[in-house]
Amino acid sequence: MKRGSWLVLVLSFFVLGLNGCSTGTKATADGAGSSQDAAAGAAKSGADTSGAATSGMAGAGGMKADPLSDPHSVLAKRIVYFDFDSSVVRDEFSSTLEAHANYLAEHPGVKVTLEGHCDERGTREYNLALGERRAQSVQQFMELMGAKKGQVTSISYGEERPAAMGHDESAWHLNRRVEIVYQK
Amino acid sequence: MLRKFSSWLFAGMFVALPAHAVLQIEITQGVEGARPIAIVPFAWNVPVPARDSVDEIIKSDLRASGLFAPIDKKDFIAWPNDSSQVRFADWRALGAENLVVGGVQAIGSILDVRYELLDVLRGQRMIGESYRKEPAGLRSVAHRISDRIYQALTGEQGAFSTRIAYVTVMRDGAGKPAYELQVADYDGFNPQTVVRSKQSILSPAWSPRGDKLAYVSLEQGPAAVYIQDLQTGRRDRLLDTTDQNSGPTWSPDGTKLAIVMSRGGKREIYIVSLAGRTWSRLTSVLPGTFHTEPVWSPDGGYIVYVAGLGGSQAHLYRIDIDGNRSQRISFEGKQNLKPSFSPDGKQLAMVHLDSSGYHIAVLDVTSGAFRILTPAMRGLESPTFAPNGRMILFTEEGGARRTLGAISADGRVKQRLALQEDGDVQEPAWGPFLSP
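Residues numbered from 1 in each chain as written. Chains lettered and ligands numbered in written order. Predicted model: local features only at pLDDT ≥ 70, side-chain atom pairs only at ≥ 80, totals over all residues.

**As for the overall build of chain A**
Then, in step 1: Counting its regular elements, chain A contains seven helices and four strands.
Then, in step 2: Helices and strands in chain A line up, N terminus first, as α-α-α-α-β-α-β-α-β-α-β.
Then, in step 3: Buried positions account for 43% of the 184 residues belonging to chain A.
Then, in step 4: Within chain A, contacts between residues separated by at least 24 positions form 71% of all contacts whose residues are at least 6 apart in sequence. (Helix = DSSP H or I, 4+ residues; strand = E, 2+ residues; numbered from the N terminus. Buried ≥ 20, exposed ≤ 12 C-beta atoms within 10 Å, placed from the backbone. Contact = placed C-beta atoms within 7 Å.)

**A short note on the environment of Ile-107 of chain B**
Residues and elements named next belong to chain B.
Then, in step 1: Here Ile-107 lies in strand E5 (residues 98-107).
Then, in step 2: Ile-107 sits in the exposed class, given 9 other C-beta atoms within 10 Å.
Then, in step 3: Residues Ile-107 and Pro-49 lie 58 residues apart in sequence; the distance between their C-alpha atoms is 15 Å.

**Re the interface of chain B and chain A**
Then, in step 1: In this assembly, 31 residues from chain B lie in contact with 19 residues from chain A.
Then, in step 2: Looking at the side of chain B that touches chain A, the elements that each hand over two or more residues are strand E11 (201-206), strand E15 (245-250), strand E16 (256-263), strand E19 (290-296), strand E20 (302-310), strand E23 (335-341) and strand E27 (381-385) of chain B.
Then, in step 3: For the side of chain B that touches chain A, the leading source of residues is E19 of chain B, giving three residues.
Then, in step 4: Split by residue class, the side of chain B that touches chain A holds eleven nonpolar, 14 polar and six charged. (Nonpolar A, V, L, I, M, F, W, Y, C, P; charged D, E, K, R; others polar.)

**Considerations on the domain arrangement of chain B**
You'll often see interface size given as the accessible area lost when the parts meet.
Then, in step 1: Partitioning chain B into structural domains gives domain 1 (21-154) and domain 2 (163-430).
Then, in step 2: Centre-to-centre separation of domain 1 of chain B and domain 2 of chain B, based on C-alpha positions: 35 Å. (Domains from an automatic or database assignment.)

**A word on the pairing of strand E3 (residues 152-158) of chain A**
Residue and element names in this part refer to chain A.
Then, in step 1: Counting buried positions over the seven residues of E3 gives six, a clear majority of the element.
Then, in step 2: As defined by bridge partners, strand E2 (residues 112-117) adjoins E3 across six bridges and the pair is classed as parallel. Considered in E3, the bridge of Leu-114 is made with Ser-154.
Then, in step 3: After leaving E2, the chain enters helix H6 (residues 124-144) and then returns to the sheet as E3, a path that is right-handed. (Pairing = 2+ DSSP bridges. Right-handed = clockwise from strand over helix to strand, strands pointing away.)

**Remarks on the packing of helix H5 (residues 94-106) of chain A against H6 of chain A**
Residues and elements named next belong to chain A.
Then, in step 1: For the pair H5 and H6, interaxial distance at closest approach is 8 Å and the crossing angle is 60°. The angle between H5 and H6 places the two elements in the oblique class. Of the two elements, H5 crosses H6, and the hand of that crossing is right-handed. Where H5 abuts H6, its residues Leu-97, His-100, Ala-101 and Leu-104 lie against Val-138, Phe-141 and Met-142.
Then, in step 2: Across the contact of H5 with H6, the residue classes tally to six nonpolar, one polar and no charged. (Axes fitted to C-alpha atoms, helices over the stretch in contact; angles between N-to-C directions. Parallel < 35°, antiparallel > 145°, perpendicular 65-115°, else oblique. Left-handed = near helix turned anticlockwise from the far one by under 90°.)

**As for the confidence of the model for chain A**
When pLDDT is low, close inspection of the predicted coordinates is not appropriate.
Then, in step 1: Model confidence for chain A is summarised by a mean pLDDT of 77, while 65% of its residues fall at 70 or above.
Then, in step 2: Confidence drops under a pLDDT of 50 for residues 1-61 of chain A, and excluding neighbours within four residues, the segment shows 67 contacts in the predicted structure. (pLDDT = per-residue confidence, 0-100.)

**Regarding helix H4 (residues 138-154) of chain B**
Residue and element names in this part refer to chain B.
Then, in step 1: Between its terminal C-alpha atoms H4 stretches 24 Å, which fits the 24 Å expected from 17 residues at 1.5 Å a residue.
Then, in step 2: Taken residue by residue, H4 has Leu-138, Val-141, Ala-142, His-143, Ile-145, Ser-146, Asp-147, Ile-149, Tyr-150 and Leu-153 as its buried positions.
Then, in step 3: Buried residues in H4 make contact with helix H2 (54-64), E5, strand E6 (110-119) and strand E7 (124-133).
Then, in step 4: Immediately downstream of H4, the backbone of Gly-155 shows phi near 80°, a positive value. (Expected span 1.5 Å × (residues − 1).)

Shown next as structure tokens:
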């Protein structure tokens, strides 16, 4: 499902991207090394389209390829991890969330769903609540950093959709997470 | 996928094959002080081979209660089928306090099951009864006899004719799960599938008359409560909303459900009237807290729920149905989760988290006395009381998968029920007494 929504975003960006051009200075402020990422991204997407115009514009620091489909962009980081029984966003994820919040602020038509998850410990309904608390923590962070109300929705899957199947911390820490899912 | 399901269909059909339970009961801790009882193999005067053994079912039932210790039949000197054939001295020598004898005969295509319960010490007959049933119902007759014996010897109602609901999870080679909500006899026999899904099913809750199950399904993404009629198989979503809702618990009169619903970022307890699907909010959260896992008191007057207090503390609160008098009722440890009432309303079972891990614990509602029933165990979820308040069924981790564990309310007897095939069984809910 994620891959599908990325594809649609790549296509839709070429409409949105023109808007991005008009707020060019803000776009290039996205995280460190973004112009390099953009060039790499542009070269990649240049292969998908007629190419020359895209890379030329990237060189000018204006329109660049959709950072959401760029595996080297900080926006490619879509998972935030949590400590056991905690919904506190750890410092190490601040810059990632800030990047997503900035992207949302610049693209008011874009929506994300934050999916909150837990490891298997504790009861299932408690974990539905904890997963929601985690998603809400991330939502609050993103809204404080510029995402608009209505752009971000929180949903919980509790312990029901683990990323890793084991019964010890090597699996558990991968399950205590919020996934940022961009909507088509 | 079909291969796995077909063996379950077999278990539910009456064919001339040994019946097997989908769940296998294993007693992991026996009991001292259980009353020795001798159950003699019943005569089988039926022209077809026996698929189920009435005496073995009675033996399993009484042993599972934790109150009786059936004597091994290889120690029996004689196998009487009738009280007139019994020499009480033989049985006193074995240490039996009670003796059960009986037989099954065919009357046309119906089975006639006859039994007698005897007092060995006094040398006299206590009960003698007979039942007529079609062959497919033989197990239910045996359970009914167990109920009668249990009642006669303890004064309490037996729970051997009750049913349990639970969720099974089977995974294919790629690890993709398939969920089934099933209902079976309390001993795991005669499983019937209520609903199948590729997404999680959790929190089954029996209606007070045992005719419906409410449960939570993630089939449409966000958690939503469904209600299904067990007789017709018809079901519908409780509420037409995209707000996440879960944690159903029935009012004792069967007209309402209390649920958890998340609205405007707040997770609180709501009461939904089934007739018009109207709802009202019962609790209100402070910022940073949530409410979940409501359970309706058997007297109908109040609801117990879990309040997540922040700092990963979570404790039990009670609130009257009219929304008044909210007060905290659990104080031990770090978390107390998934409260479940004994049907007399006097005890609450729960999952208790302290510094040593997760345990099953029981709170006496009147006195406030708090007992931890188990050592720290893994995978603990969903404690559910038998309707006679004697046993608590729960999810635990057995090996690398989820199984059901059972413990007597006094902590003495422990059992495990594992799925015979390679999968998880979880989310048990013990059904109510059914009118015979």
